Amino acid sequence: MPERMLKFVRLGQEMPEKRPAAMRRADFGEIYADFDPPKAAAQASRCSQCGVPFCSVHCPLSNNIPDWLKLTAEGRLEEAYELSSATNNFPEICGRICPQDRLCEGNCVIEKGFEAVTIGAVERFITDTAFEKGWVRPIVPRQERAQSVGIIGAGPAGLAAAEQLRRLGYQVTVYDRYDRVGGLLIYGIPNFKLDKAIVARRAEMLEASGIEFQLNCEIGRDVAMADLRARHAAVLIATGVYQARDIAAPGVGLDGIVPALDYLTASNRTGLGETTETAKALHARGKRVVVIGGGDTAMDCVRTAVRQGAVSVQCLYRRDKANMPGSMREVKNAEEEGVEFVWLAAPEAFTGDAALSGVRAVRMHLGLPDATGRQAVEPLADGHFALEADLAIKALGFDPEDLPAAFAEPDLAVTRWNTLAVDRRSFMTSLPGVFAAGDIVRGASLVVWAIRDGRDAAAQMHSYIQQNQAAMPAAAE
Ligand code: FAD
Ligand code: SF4
Ligand code: SF4
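Residues numbered from 1 in each chain as written. Chains lettered and ligands numbered in written order. Predicted model: local features only at pLDDT ≥ 70, side-chain atom pairs only at ≥ 80, totals over all residues. Heavy atoms only, no water.

Overview of the packing of helix α5 (residues 77-87) against helix α8 (residues 119-133)
The N-to-C vectors of α5 and α8 enclose an angle of 110°; their axes lie 9 Å apart at closest approach. The angle between the axes of α5 and α8 places the two elements in the roughly perpendicular class. The residues of α8 that touch α5, namely those facing Leu 77, Ala 80, Tyr 81 and Ser 84, are Phe 125, Ile 126, Thr 127, Thr 129 and Ala 130. Taken together, the residues of the contact of α5 with α8 break down into six nonpolar, three polar and no charged. (Axes fitted to C-alpha atoms, helices over the stretch in contact; angles between N-to-C directions. Helix = DSSP H or I, 4+ residues; strand = E, 2+ residues; numbered from the N terminus. Parallel < 35°, antiparallel > 145°, perpendicular 65-115°, else oblique. Contact = heavy atoms within 4.5 Å. Nonpolar A, V, L, I, M, F, W, Y, C, P; charged D, E, K, R; others polar.)

Overview of the packing of aromatic side chains
Ring pairs (aromatic) are described by centroid distance and by the angle formed between their planes. All told, the structure shown has five aromatic pairs when counted by the stated rule. Ring centres 6.4 Å apart and planes at 85° place the aromatic pair Tyr 178 and Tyr 242 in the edge-to-face group. Within this pair, whereas Tyr 178 is found in the loop between β2 (171-175) and α10 (184-187), its partner Tyr 242 is found in the loop between β4 (234-237) and β5 (243-244), the two being separated by 64 residues in sequence. There is no split in this pair, since Tyr 178 and Tyr 242 are both buried. Consider the rings of Phe 435 and Tyr 464, whose centres lie 5.5 Å apart with planes at 70°: the pair is edge-to-face. Taken as a pair, Phe 435 in strand β15 (residues 434-436) and Tyr 464 in helix α19 (residues 447-468) lie far apart in primary sequence, 29 residues in all. The ring of Phe 131 carries the charged tip of Arg 201 above its face, separated from the ring centre by 3.9 Å. Above the face of the Phe 385 ring, Arg 363 is positioned so that its terminal group lies 4.2 Å from the ring centre. (Phe/Tyr/Trp six-rings, centres within 6.5 Å; stacked < 30°, edge-to-face > 60°. Buried < 20%, exposed > 50% of the residue type's maximum accessible area, 1.4 Å probe, protein only. Lys NZ or Arg CZ within 6 Å of the ring centre and 35° of its normal.)

Re the site of ligand 3
By nearness alone, every residue bordering ligand 3 is listed as Cys 47, Ser 48, Cys 50, Pro 53, Cys 55, Pro 66, Leu 69, Cys 108, Val 109, Val 117 and Ile 119. Its residues placed into classes, the shell around ligand 3 shows ten nonpolar, one polar and no charged. (Near = heavy atom within 4 Å.)

Concerning the site of ligand 1
Looking at ligand 1, there are 34 residues lining it, with Ile 97, Asp 176, Lys 193, Tyr 242 and Asp 439 nearest. Contact distances for ligand 1 include 2.6 Å between an oxygen atom and a side-chain N or O atom of Tyr 242. At 3.4 Å, a backbone N or O of Leu 446 approaches an oxygen atom of ligand 1. Coverage of ligand 1 by the protein chains reaches 97% of its 1000 Å² of free accessible surface. Breaking the shell around ligand 1 down by element, the ones donating at least two residues are α9 (156-167), α15 (296-308) and α19. (Polar contact = N/O pair within 3.5 Å; in protein donor to acceptor, adjacent residues only side chain to side chain. Areas by Shrake-Rupley, 256 points an atom, 1.4 Å probe, with all protein chains shown as cover.)

Here we look at the domain arrangement of the protein
For the protein, the assigned domains are domain 1 (7-133), domain 2 (148-241 + 400-471) and domain 3 (246-394). Its C-alpha centre places domain 2 at a distance of 31 Å from the equivalent point of domain 3. Taken together, the contacts link twelve residues of domain 2 with twelve residues of domain 3. For the pair domain 2 and domain 3, the summed buried surface comes to about 1100 Å²; carbon and sulfur atoms form 54% of the total. Looking at the side of domain 2 facing domain 3, the largest losses of area belong to Tyr 187, Phe 192 and Lys 193, adding up to 48% of the total buried there. Connecting domain 2 to domain 3 are three salt bridges. (Domains from an automatic or database assignment. Buried area = accessible area lost by both parts, 1.4 Å probe. Salt bridge = Lys/Arg side-chain N within 4 Å of Asp/Glu carboxyl O.)

What about the pairing of strand β7 (residues 288-292)?
With four of five residues buried, β7 is to be regarded as a mostly interior element. By the bridge criterion, five bridges tie β7 to strand β8 (residues 312-316) in an arrangement that is parallel. Residue pairing for β8: Ile 292 is matched across the bridge by Leu 316. Handedness of the β-α-β unit built from β7, α15 and β8 comes out right-handed. In this structure, β7 lies alongside strand β13 (residues 391-394), joined through four bridges in parallel fashion. The residue of β13 that forms the bridge with Val 289 is Leu 391. (Pairing = 2+ DSSP bridges. Right-handed = clockwise from strand over helix to strand, strands pointing away.)

Re the pairing of strand β1 (residues 148-152)
For β1, a buried count of five out of five residues is recorded, marking the element as mostly surrounded by other parts of the structure. Side chains Ser 148, Gly 150 and Ile 152 project from β1 onto one buried face, and the interleaved Val 149 and Ile 151 project onto a second face that is buried too. Of the strand pairs in this sheet, β1 and β2 are connected by five bridges, and their pairing is parallel. Its bridge partner being in β2, Gly 150 is matched across the sheet by Thr 173. Each parallel crossover has a hand, and for β1 linked through α9 to β2 it is right-handed.

Structural notes on the nonpolar core
Counting residues in each nonpolar core, the largest one holds 84 residues, and the members touching the most others are Val 172 and Leu 236. For this core, the element with the most residues is α19, which contributes nine residues. When residues of this core are sorted by domain, at least three fall in each of domain 1 (7-133) and domain 2 (148-241 + 400-471). What Leu 236 contacts, discounting residues up to four positions off in sequence, is Gly 150, Ile 151, Ile 152, Ala 157, Gly 158, Ala 161, Phe 435, Ala 436, Ala 437, Ala 457 and Met 461. Counting residues in each nonpolar core, the second largest holds 28 residues, with Tyr 263, Ala 284, Val 313 and Leu 391 among its members. (Core = buried A, V, L, I, M, F, W, Y, C linked by side-chain atoms within 4.5 Å.)

As for the sheet that holds strand β3 (residues 212-214)
Strand order in this open sheet of five strands is β3-β2-β1-β4-β15, and the pairing throughout is parallel. The strands lining the two open edges of the sheet, one partner per strand, are β3 and β15. Strand-to-strand twist across the sheet, computed as the mean angle between neighbouring axes with direction ignored, equals 20°. Note: β1 against β4, four bridges, orientation parallel. Counted as the bridge partner of Gly 150 is Val 235 from β4. Together, β1, β4 and β15 form the strand contacts of α19, whose direction differs from that of β4 by roughly 160°.

This is the structure we're talking about:
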């Protein structure tokens, strides 16, 4: 074992410097600074180089974590980058926004007693350094192939698949209805978690690799799915899930009650320099804001409202803190930034004349576990209370759109949750040559799983094309 490693016994865990909450509240900048090289090396050296690395087992990409930590500790950063990018298309993004406390770091063995190795922060450091030093270069495939593939959706699943297929030499076109590349990385996730420049830098690299992007192009509206299938040797559907779940409560139609993604998209567009009338109407400045929900989307909303200058920000969640689906790290950040959590509370009605002025809510308590082991929530008979509010944001999760209808492909099979049904091994949908990956298959999930699915689907598309190539259309010259 090299002397450089196993330092966890003497050296404590240190994250990169986190900006003070008062400063964070005033802008949308990322909250963590970069590691400096000596600190990154020191933190990487805390790893005990486990024979069976549980960090890797619990990373959806099975990243080679102990090996790139060791290379970082030894200052061999270019090799660390080569290794980390071999299993992850966007390590600088995962390093920033994976819920590491539930994945790699939450399963680091030294966490019991010594606090985990700061895996995500080191991963981010390695790739940011690689970009700075010019080690991240556009792909030059070993051989160009005549066949083309069409990818619907420029989110992390579609982009990971696009990169993998381009590496294999295919002519890749990515279609997206948005005007920018990145999917939820651009229009969902706020800047303070993931700066848009980081996503744009990646998009430029993919474009320089020869991947063609057709933006402002909605499949099913601007181009028929049938045309796309005729145009390409294989098609990947990576369209994500966007239909917001609603609340059935009196007054839910009042002005000032908005779905979370509308609110976040407006804020992200403002951050990108596009201030529209919708964005102005959805701005939280001077308002009393109530966010309903307990997941990562709710955390992004409360923290955005704080930064926009809301008078107060409250988060209503029907379970308690221990049962929140959102990352505990994000809850802590929100609390530091002045968000008030109202645990065990659910909305009953929205009040106001034309516009919202308040939320009536009821206290809940946790009952007996159901068949899944999760405790049921029940309202307390005498637990009614009211909150004043000018803006209520509904962050209750997302469902898929009706894709067979949107694509005019009635034979496209879906599950009972309306996600696309795919063969688990081949990633192929019920339509021959049409594959699917990411949230549209899993339901709302994580970026790291979208990357994993995009990679796996790309490998299957390659096998499919190779097996069926005689019957396939070649890319137009
Ligand atoms: P998406 O990222 O949704 O991309 C789908 C793309 O398909 C979009 O660009 C869309 O415009 C395009 N599209 C859809 N239909 C069509 C069509 N008909 N024609 C053309 N294009 C189409 N995950 C994390 O790991 N960490 C986080 O911190 C985190 N925070 C989140 C915060 C919010 C507010 C939200 C909503 C999600 C968050 N997630 C987070 C989840 C993560 O963003 C998603 O799991 C991930 O982006 C899914 O990737 P995807 O490629 O499947 O879909
Ligand atoms: Fe951890 Fe995510 Fe990186 Fe995997 S990809 S090592 S889970 S931060
Ligand atoms: Fe290192 Fe922790 Fe992974 Fe073990 S589990 S290899 S200590 S990062």
